[in-house]
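Residues per chain, in single letters:
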Amino acid sequence: MNPLPTRPSPESLLEVSNLRVSFFTGEGVVDAVQDVSFDIRRGRTLALVGESGCGKSVTAYSLLRLVQSPGRILGGRIVLRSRREGDIDIAQLDEDSGLLFKVRGGLVSMIFQEPMTALSPVHSIGNQVAEAILMHQDVSEAAARRLTIEMLKKVGITNPAQRFDQFPHELSGGMRQRVVIAMALVCQPELLIADEPTTALDVTIQAQILGLIKSLQRELGCSVLLITHDFGVVAQMADEVAVMQRGQIVERGSVREVLRNPLHAHTRALLDALPSRRARTS
C-alpha cells in the first residue's frame, strides 16, 4: 500500500483524522466508514475513488454533517483550516451552531449526484441560486439576482437573464448540472465536494462539465474533493487519489504514481476494469 501521510501538509485546507461512521439498522450495525484519514491541500483536487457502497459518499456527507439517521458519526476529527473563519472542527459543532450554518454552503459546498433531486421542481433556477447568496451574504435581493445571473453566465448557461425564471424541468440534464454547479460556487467556497458530478450525463456533456469545474476551480482558487468510481475522471481532474474499499482507504498517493504503479490489489482491479485496459488485454 502506498504510505499514507502521517502529518498533514502545512498548506492543508481540510484534515480528516480517524473518521468513523456507522448505520444502526434493524438488521444490525453497518460500519460504513472505518478510521478514514486524509487531507486536502489548498487549491488542489483529491479524488476519493471506489466501487458503489465502499463508503466514499458517506465520507463526503460526513464532512458537512449530512449523514441521516440511522447513520451516526462515532468518532474522528474533521478540521477545516478556513482563511475566513479560522480552524473549525466540524465534527464537534452542535447541529444548531451558527458556525455549522456558515460551513454548509458557505465555506464548504457540494455538487450532488443527481441535479433533479438537488433542485426544487417548484422554484425557478434563479431563485434557488439567489437563495444561497441571500443565506450567506448580506446583500439585497436585486444584488443577489445580479450575482446569480453573472454566475449562470459563468457556468455556461445561455441567456441567463431569461433562464433565471425557468424551472428545472425546462432545462436539459447538462444545463441542470450547470445550475447545480452555480449554486455550489456562487458563495465562493473554500472547499467544493463533487459527488459523482457527471454520473447521469453522456460522454460529451461529461467532458464539458468536468472542464467547467476545473476552470472554475482555477478561477476561484478553491480545493476540490471529487467522489467517483471512474479512474478516467480521476486522471483528468485530480492531483491526488485515495482508493476506498469496504469503508477504508487502502491506497493513497499522487494520481501519477497510483495510476502507474498501483500497489494494492483493489486498486489494480479497478484499473483493470477500465475499457482501455480491457481492450489492450483482449
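Refer to the structure presented above.
Definitions and limits used
Residues numbered from 1 in each chain as written. Predicted model: local features only at pLDDT ≥ 70, side-chain atom pairs only at ≥ 80, totals over all residues. Heavy atoms only, no water. Axes fitted to C-alpha atoms, helices over the stretch in contact; angles between N-to-C directions. Helix = DSSP H or I, 4+ residues; strand = E, 2+ residues; numbered from the N terminus. Parallel < 35°, antiparallel > 145°, perpendicular 65-115°, else oblique. Left-handed = near helix turned anticlockwise from the far one by under 90°. Contact = heavy atoms within 4.5 Å. Expected span 1.5 Å × (residues − 1). Buried < 20%, exposed > 50% of the residue type's maximum accessible area, 1.4 Å probe, protein only. Patch = residues over 30% accessible without salt bridge, like charges linked within 9 Å, V, L, I, M, F, W, Y side chains within 5 Å. Areas by Shrake-Rupley, 256 points an atom, 1.4 Å probe, with all protein chains shown as cover. Salt bridge = Lys/Arg side-chain N within 4 Å of Asp/Glu carboxyl O. 1 Å grid on protein atoms, 1.4 Å probe; cavity = no way out; pocket = protein on both sides within 12 Å on 5 of 7 lines; lining within 4 Å. Points joined across faces, edges and corners; volume = space filled by probe spheres on them. Nonpolar A, V, L, I, M, F, W, Y, C, P; charged D, E, K, R; others polar. Pairing = 2+ DSSP bridges.

## Let's talk about the packing of helix α4 (residues 125–136) against helix α7 (residues 173–185)
When two helices pack together, their arrangement is captured by the angle between the axes and the distance separating the axes. α7 packs onto α4 with a crossing angle of 20° between their chain directions and a minimal axis gap of 8 Å. By the angle between their axes, α4 is roughly parallel relative to α7. α4 and α7 meet at a crossing whose hand is right-handed. On α7, the residues touching I125, Q128, V129 and A132 of α4 are V179, A182 and M183.

## Some words on α7
Counted at 1.5 Å a residue, the expected span for α7 with its 13 residues is 18 Å, and the 19 Å between its end C-alpha atoms agrees. Counting buried positions along α7 gives eleven out of 13 residues, so the element sits mostly inside the fold. Looking at the buried positions of α7, the neighbouring elements they touch are β6 (108–111), α3 (115–118), α4, α5 (141–154), β7 (191–195) and α8 (203–220).

## Quick look at α4
In this model, α4 (twelve residues) spans 18 Å end to end at C-alpha, consistent with the 16 Å of a helix rising 1.5 Å per residue. Those residues of α4 that fall on the buried side of the exposure criterion are I125, G126, Q128, V129, A130, A132 and I133. On the buried face of α4, the contacting elements are α5, α6 (160–163) and α7.

## As for a nonpolar patch on the surface
Among the surface-exposed residues, F24, V29 and L74 lie close enough to one another that they form a single nonpolar patch of about 240 Å² accessible area. Considering the arrangement of structural elements, one finds F24 in strand β1 (residues 12–25).

## Quick word on the layout of surface pockets
In this structure, the largest pocket occupies an estimated 590 Å³ of space. Taken together, 20 residues make up the lining of the largest pocket; nearest its centre are G105, F112, A132, M135 and M183. Among the elements of the structure, β6, α4 and α7 are those that each provide at least two residues to the lining of the largest pocket. Residues that form the lining of the largest pocket fall into these classes: eleven nonpolar, seven polar and two charged.

## Overview of the packing of α7 against α8
Following both chains from N to C, one finds α7 and α8 inclined at 15°, their axes separated by 11 Å at the closest point. As judged from the angle between their axes, α7 and α8 are roughly parallel. At the point where α7 passes α8, the crossing takes the right-handed sense. Residues G174, Q177, R178, I181 and L185 of α7 pack against I205, Q208, I209, L212, I213, L216 and L220 of α8. Split by residue class, the contact of α7 with α8 holds eight nonpolar, three polar and one charged.

## Here we look at the environment of I111
Take I111: it is sitting in strand β6. A C-alpha to C-alpha distance of 25 Å links I111 and E251, two positions 140 residues apart in sequence. With near-sequence residues (within four places) excluded, I111 lies in contact with Q177, V180, I181, A184, L192, I193, A194, D195, P197 and I213.

## A few points about the environment of G106
With respect to the element layout, G106 can be found in the loop between α2 (98–103) and β6. Exposure remark for G106: the relative accessible area of 5% places this residue in the buried category. Separated by 85 residues in the primary sequence, G106 and L191 place their C-alpha atoms 9.2 Å from one another. When near neighbours in sequence (up to four residues on either side) are disregarded, G106 contacts R84, H136, C187, Q188 and P189.

## Concerning the environment of E240
Mapped onto the elements, E240 comes out in strand β9 (residues 240–245). Taking the C-alpha atoms as reference points, E240 and V255, separated by 15 residues in sequence, lie 4.9 Å from one another.

## Considering the sheet that holds strand β4 (residues 71–82)
Pairing in this open sheet of four strands is antiparallel, and the strands run β2-β1-β4-β5 from one edge to the other. If you trace the sheet from one side to the other, it starts and ends with β2 (28–41) and β5 (86–89), each paired once. Sheet twist, expressed as the average angle between the axes of neighbouring strands with direction ignored, equals 5°. When β4 meets β5, the two strands line up antiparallel, connected through four bridges. Bridge assignment links S82 to a residue of β5, and that residue is G86. This element, helix α1 (residues 56–63), spans β1, β2 and β4 of the sheet and lies at about 115° to β1.

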